[in-house]
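The lines below spell out each chain.
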Amino acid sequence: MGQITDAAVFSCVPYTQTTGAHQCLILTNPYQGTAKIFDVTDNQFVLSPIGYFPLVVKVGQAPSKMAAINNRIFTLDPVAQAIYEIPTSFVSPFSNNPIPVGFSANDFALATDAQGKIVAFVSRTEGLTQIALEGQALPQGFSLPGPIDLFEINLTRSFLLVAHGTTLTVADLLHADAQKTLSLTASVASMTSDSTKALLALTDKTLIMVDLANAKIESTAPAKLDAIAGAVYLPSNLPGTPSTCCNGEASWVGALLMNGTLQYWPYANQTFKTPQSVDIVLTTGVGSFALTNPTKLLGGDVQNPVQDGLSCERRLFLIYSGSIFNTCEGNSNIKRVDQMEY
């Protein structure tokens with residue numbers, strides 16, 4: 001079994017032969033220097049050209065973090081000190097020209113400049129560096145704190161979120177002088193954002209919602225968790241109408257806790273309500289060792305789903321360092337994904 005350090009969902013056309021729109025979940029394994037691809041639409045790993053084993057895409061030396069933009073997927077390699085693009089057709093072997101970073105980076109996020117060219121914000125110990133993937137880079141205009149614990153660019157590529165200690169800096173990418181800092185009760189364990197809001201899980205076992213436009217806490221009171229959330233989820237990151245949870249609640253957020261629990265928190269009128277908790281060990285029958293280091297909660301959209309035991313269009317993927325699970329969004333029927341010796 002390999003080690004998964006990051007995962008991303010995006011549109012794909014495996015081998016340029018699939019018909020219709022497919023969604024793929026790509027998984028990086030820096031210890032093997034590879035990526036593998038799970039075809040969410042077909043509910044199976046994309047197979048190698050010989051058809052008996054999953055496709056293994058060799059990417060640099062140690063592919064780690066990933067980011068997608070304009071239906072293009074990139075992976076950061078801190079060992080090779082470069083960013084690589086992975087073609088969405090997954091035809092292997094393929095030529096892959098690295099984009100030099102020049103230092104061993106921890107994380108990166110992608111945005112576009114005024115001309116629509118892709119640029120990368122790359123984190124290092126002392127802060128953020130901007131690198132042009134195509135053409136001219138964004139102008140330097142942000143004085144950001146360091147060292148950086150976590151950072152990301154929101155769904156519409158309009159806000160840069162930087163977590164540093166017990167502060168969150170929100171920088172408006174469309175207006176270089178617009179930058180605000182928010183004080184928190186604890187450091188950030190995980191976060192995610194959509195076009196207007198950010199959901200933060202803090203190390204004091206709480207969840208808060210932040211309004212990005214004014215960089216203020218929107219939720220009237222934090223949600224009290226049983227354990228730290230290693231990953232969080234906003235259904236609004238997925239196109240379309242979110243599924244309901246918790247006996248018909250239409251507005252909610254998700255949290256994957258370090259103690260092996262998936263929680264759905266109804267959230268409306270700036271208030272967290274009583275959550276629905278799912279014990280993953282009891283639901284799936286796996287050992288607790290399979291639930292170490294939750295990495296991501298990701299949504300996927302499956303048009304015309306096959307009869308795979310779920311048969312729903314909106315999927316939620318629970319990514320751990322050594323295990324993958326999926327369920328219908330807002331549902332408690334969790335199934336382990338066959339990893340085929342990932």
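We now turn to the structure provided with this report. Just so it is clear, the structure is predicted and the values come from calculations on it, not from any experiment.

Section: the overall build of the protein
Working step 1: Secondary structure summary: the protein contains 1 helix and 30 strands in total.
Working step 2: Whereas a compact globule of 342 residues would reach a radius of gyration of roughly 20 Å, the protein reaches 19 Å, a difference of no more than 12%.
Working step 3: Overall, the protein is about 55 × 50 × 35 Å in size when its C-alpha atoms are taken along their principal axes.
Working step 4: In the protein, which comprises 342 residues, the share counted as buried stands at 53%.
Working step 5: Of all intrachain contacts in the protein linking residues separated by at least 6 positions in sequence, the fraction that spans at least 24 positions is 46%.
Working step 6: For the protein, the accessible area works out to roughly 14400 Å², and carbon and sulfur atoms hold 49% of it.

Here's the deal with the pattern of salt bridges
Working step 1: Applying the stated rule across the entire model yields 6 salt bridges.
Working step 2: Of the charged contacts in the structure, one is a salt bridge between Glu329 and Arg314, with a shortest N-O distance of 2.6 Å. Of this pair, Glu329 sits in the loop between strand 29 (324-328) and strand 30 (335-336) while Arg314 sits in strand 28 (residues 314-320), placing them 15 residues apart in sequence.
Working step 3: Under the relative-accessibility criterion, Glu329 is labelled buried at 3%.
Working step 4: Three or more residues are tied together by salt bridges with common partners; here these are Arg72, Glu85 and Glu134.

Observations concerning the sheet that holds strand 16 (residues 179-183)
Working step 1: Pairing is antiparallel across the open sheet formed by 4 strands, whose spatial order is 13-14-15-16. Here the strands that pair on one side only, and so sit at the sheet edges, are strand 13 (150-153) and strand 16. Within this sheet the neighbouring strands show an average axis-to-axis angle of 15°, counted without direction.
Working step 2: Pairing between strand 14 (residues 159-164) and strand 15 (residues 167-172): 6 bridges, direction antiparallel. Looking at the pairing, Leu161 lines up with Val170 of strand 15.

A few points about the pairing of strand 11 (residues 118-124)
Each regular strand displays side chains that alternate between the two surfaces of the sheet.
Working step 1: Counted residue by residue, strand 11 has 6 buried out of 7 residues, so it is predominantly covered.
Working step 2: Across 6 bridges, the pairing between strand 10 (residues 107-112) and strand 11 is antiparallel. Bridge pairing in strand 11 places Ala109 opposite Phe121.
Working step 3: In this structure, the hairpin formed by strand 10 and strand 11 is closed by a connection of 5 residues, where Gly116 is found at a positive phi of approximately 85°.
Working step 4: Once strand 11 ends, the chain turns through 2 residues before running back antiparallel as strand 12 (residues 127-132).

Describing the sheet that holds strand 7 (residues 72-77)
Working step 1: The 4 strands are arranged 6-7-8-9 in an open sheet whose pairing can be described as antiparallel. In this open sheet, the two edge strands, each paired with only one partner strand, are strand 6 (66-69) and strand 9 (99-100).
Working step 2: Bridge analysis of strand 7 against strand 8 (residues 82-86) gives 5 bridges, and the strand direction is antiparallel. Residue pairing for strand 8: Ile73 is matched across the bridge by Ile86.

Looking at the nonpolar core
One recurring pattern in soluble globular proteins: nonpolar side chains tend to sit buried together.
Working step 1: If you look at the biggest cluster of nonpolar residues, it comprises 20 residues, and the most contacted ones within it are Leu256, Leu262, Tyr264, Ile280, Leu297, Leu318 and Phe325.
Working step 2: Counting only elements with at least two residues in this core, the list comes to strand 22 (229-233), strand 23 (252-257), strand 24 (261-268) and strand 28.
Working step 3: The greatest single-element share of this core, amounting to 3 residues, is contributed by strand 28.

Section: the state of the cysteines
Working step 1: Taken as a whole, this structure holds 2 disulfides when the rule is applied.
Working step 2: Here Cys12 pairs with Cys24 through a disulfide, and the sulfurs are 2.0 Å apart. Negative torsions about the S-S bond denote left-handed disulfides, and the value of about 70° found for Cys12 with Cys24 makes this one right-handed. Taken as a pair, Cys12 in strand 1 (residues 6-12) and Cys24 in strand 2 (residues 22-29) lie far apart in primary sequence, 12 residues in all. Of the two residues, Cys12 and Cys24, both sit in the buried class.

Considerations on a nonpolar patch on the surface
Working step 1: On the surface, a nonpolar cluster with roughly 420 Å² of combined accessible area is contributed by Ile50, Tyr52 and Phe53.
Working step 2: With respect to the helices and strands, Phe53 occurs in the loop between strand 4 (44-45) and strand 5 (57-58).

Structural notes on the environment of Lys296
Working step 1: Its location among the elements puts Lys296 in strand 27 (residues 294-301).
Working step 2: Classification of Lys296 by relative accessible area gives partly exposed; the value is 25%.
Working step 3: It is 9.9 Å that separates the C-alpha atoms of Lys296 and Thr192, two residues lying 104 residues apart in sequence.
Working step 4: In contact with Lys296, other than residues within four places in its own chain, are Asp6, Ala7, Ala231, Leu256, Phe317, Leu318 and Ile319.
Working step 5: Within polar-contact distance, the side chain of Lys296 engages the backbone oxygen of Ala7 at 3.1 Å.

Conventions we followed
- Residues numbered from 1 in each chain as written.
- Predicted model: local features only at pLDDT ≥ 70, side-chain atom pairs only at ≥ 80, totals over all residues.
- Heavy atoms only, no water.
- Helix = DSSP H or I, 4+ residues; strand = E, 2+ residues; numbered from the N terminus.
- Rg over C-alpha atoms; globule rule 2.2 N^0.38 Å.
- Buried < 20%, exposed > 50% of the residue type's maximum accessible area, 1.4 Å probe, protein only.
- Contact = heavy atoms within 4.5 Å.
- Areas by Shrake-Rupley, 256 points an atom, 1.4 Å probe, with all protein chains shown as cover.
- Salt bridge = Lys/Arg side-chain N within 4 Å of Asp/Glu carboxyl O.
- Pairing = 2+ DSSP bridges.
- Axes fitted to C-alpha atoms, helices over the stretch in contact; angles between N-to-C directions.
- Core = buried A, V, L, I, M, F, W, Y, C linked by side-chain atoms within 4.5 Å.
- Disulfide = S-S within 2.5 Å.
- Patch = residues over 30% accessible without salt bridge, like charges linked within 9 Å, V, L, I, M, F, W, Y side chains within 5 Å.
- Polar contact = N/O pair within 3.5 Å; in protein donor to acceptor, adjacent residues only side chain to side chain.

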